[in-house]
Amino acid sequence: MTSIDTATTTTNKTSSDIGLLDPGHKAAGLTANNVACWFGAKKVLEGVNLDMAPGQVTALIGPSGCGKSTFLRTLNRMHELVPSATLAGEILIDGVDIYRGAIPVTDVRRRIGMVFQKPNPFPAMTVAENVLAGLKLSGLKTTRSERDALIESCLTKAGLWNEVKNRLGDPGRALSGGQQQRLCIARSLAVSPQVLLMDEPCSALDPTSTRRIEQTISEISETVTVVIVTHNMQQAQRVSHRCAFFLAAENEPGRIIEEGPTKDIFSNPRDERTNDYVNGRFG
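Residues numbered from 1 in each chain as written. Predicted model: local features only at pLDDT ≥ 70, side-chain atom pairs only at ≥ 80, totals over all residues. Heavy atoms only, no water.

A.B. asks: Would you mind going over the state of the cysteines in detail, with residue names and values included?
C.D. replies: Tallying each qualifying case throughout the model produces 0 disulfides. In this model cysteine 66 remains outside any disulfide bridge; the closest cysteine sulfur is found in cysteine 37, 13 Å from its own. Its relative accessible area of 1% is what places cysteine 66 among the buried residues. Here cysteine 243 stays free of any disulfide, with the sulfur of cysteine 66 as its closest cysteine sulfur at 13 Å. (Disulfide = S-S within 2.5 Å. Buried < 20%, exposed > 50% of the residue type's maximum accessible area, 1.4 Å probe, protein only.)

A.B. asks: Could you give me a rundown of the nonpolar core, with the residues and numbers involved?
C.D. replies: With 46 residues, the main nonpolar core has Ile61, Val131, Leu155, Ile185, Met198 and Ile217 as its most contacted residues. The biggest single contributor to this core is helix H3 (residues 127-137), with 5 residues. Not counting chain neighbours up to four residues away, the residues in contact with isoleucine 185 comprise Val115, Ala158, Leu196, Met198, Ile213 and Thr216. The next biggest cluster of nonpolar side chains, apart from the first, holds 32 residues, and it includes Cys37, Met52, Leu75 and Val108. (Core = buried A, V, L, I, M, F, W, Y, C linked by side-chain atoms within 4.5 Å. Helix = DSSP H or I, 4+ residues; strand = E, 2+ residues; numbered from the N terminus. Contact = heavy atoms within 4.5 Å.)

A.B. asks: Lay out the pairing of strand S6 (residues 85-93) with the relevant residues and their values.
C.D. replies: The buried fraction of S6 is high, at 7 of 9 residues. Pairing of strand S3 (residues 30-39) with S6, which is carried by 8 bridges, proceeds in the antiparallel orientation. In the sheet register, threonine 31 faces S6, and the bridge partner there is leucine 92. Bridge analysis of S6 against strand S7 (residues 96-97) gives 2 bridges, and the strand direction is antiparallel. Note on S7: the bridge partner recorded for isoleucine 93 is valine 96. Here S6 folds back onto S7 in antiparallel fashion, the turn holding 2 residues, of which aspartate 94 has a positive phi close to 45°. (Pairing = 2+ DSSP bridges.)

A.B. asks: So what's going on with the packing of aromatic side chains? Residues and values would help.
C.D. replies: Applying the stated criterion to the full structure yields 3 aromatic pairs. Relative to phenylalanine 246, the ring of phenylalanine 71 has its centre 5.7 Å away and its plane inclined at 40°; by these criteria the two rings are tilted. Here the residue phenylalanine 71 occupies a position in helix H1 (residues 68-74), and phenylalanine 246 occupies one in strand S12 (residues 242-247), the gap between them amounting to 175 residues. Just as phenylalanine 71 is buried, phenylalanine 246 falls in that class too. Ring geometry for phenylalanine 245 and tyrosine 277: centres 5.2 Å apart, planes at 25°, overall stacked. Of this pair, phenylalanine 245 sits in strand S12 while tyrosine 277 sits in helix H10 (residues 272-278), and the two are 32 residues apart along the sequence. What makes phenylalanine 245 buried here is its relative accessible area of 0%. Joined through ring pairs, the aromatic side chains of Phe245, Tyr277 and Phe282 make up one cluster. Over the ring of phenylalanine 122 we find arginine 187; its NZ or CZ atom is 4.4 Å from the centre of that ring. (Phe/Tyr/Trp six-rings, centres within 6.5 Å; stacked < 30°, edge-to-face > 60°. Lys NZ or Arg CZ within 6 Å of the ring centre and 35° of its normal.)

Below you can see the structure in the form of structure tokens.
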């Protein structure tokens, strides 16, 4: 078990440095090797091994309290933001360890974006300013024409452009809940992530907004690897290529019970506990 290094490195970049609006931008693969997590003395995850293939959607499923969201947060070093958090094992992006390799934490979180359960647009910013917010945090310099093109491109990818193109100067908080969540997705896409992590992004949304978010996931997964935590089994079946089923026995850390192609997890699981969960017999 090792403490997590929270050192950061900030550099000024131009749009060409990170592939802004770069048609050659490629999704990255993520690999977890024997990952274990603690909060203080409490071990919450043990022995997690998972390959998240580039350009695919991987769904993390399982009952509450089995470590899915904790694992998701290890994938872009958000786990370390809890002072008592420690981690063992490796998280690799295209073969490079994000904790002990040469990638600065600021670059890790740019390359591996995050969308949370509750929509969180910056309340004092307009729709347009929300999309561009990550550029300033990443030290990215852009021209006015690049910014205008980026706003339209990211809002289009998030399935929101037609709804807000005449409202770019309105506060982000003035949008509906589903629109705010898609605005957060657009904000994440603005810094050209290779991976997008999504922690129950539709749990607070109505069915129509949920459908639009799922359409967005399907469209962006061609160029961005998506890892999504969801308790909605129908959603996992609709949006993901692969699933990983997490479970924690009483007073034991969470672990992966089974992972594989989504159709196999739901139609022909190897473990009876997986079969029980996906068919609604517990959880």
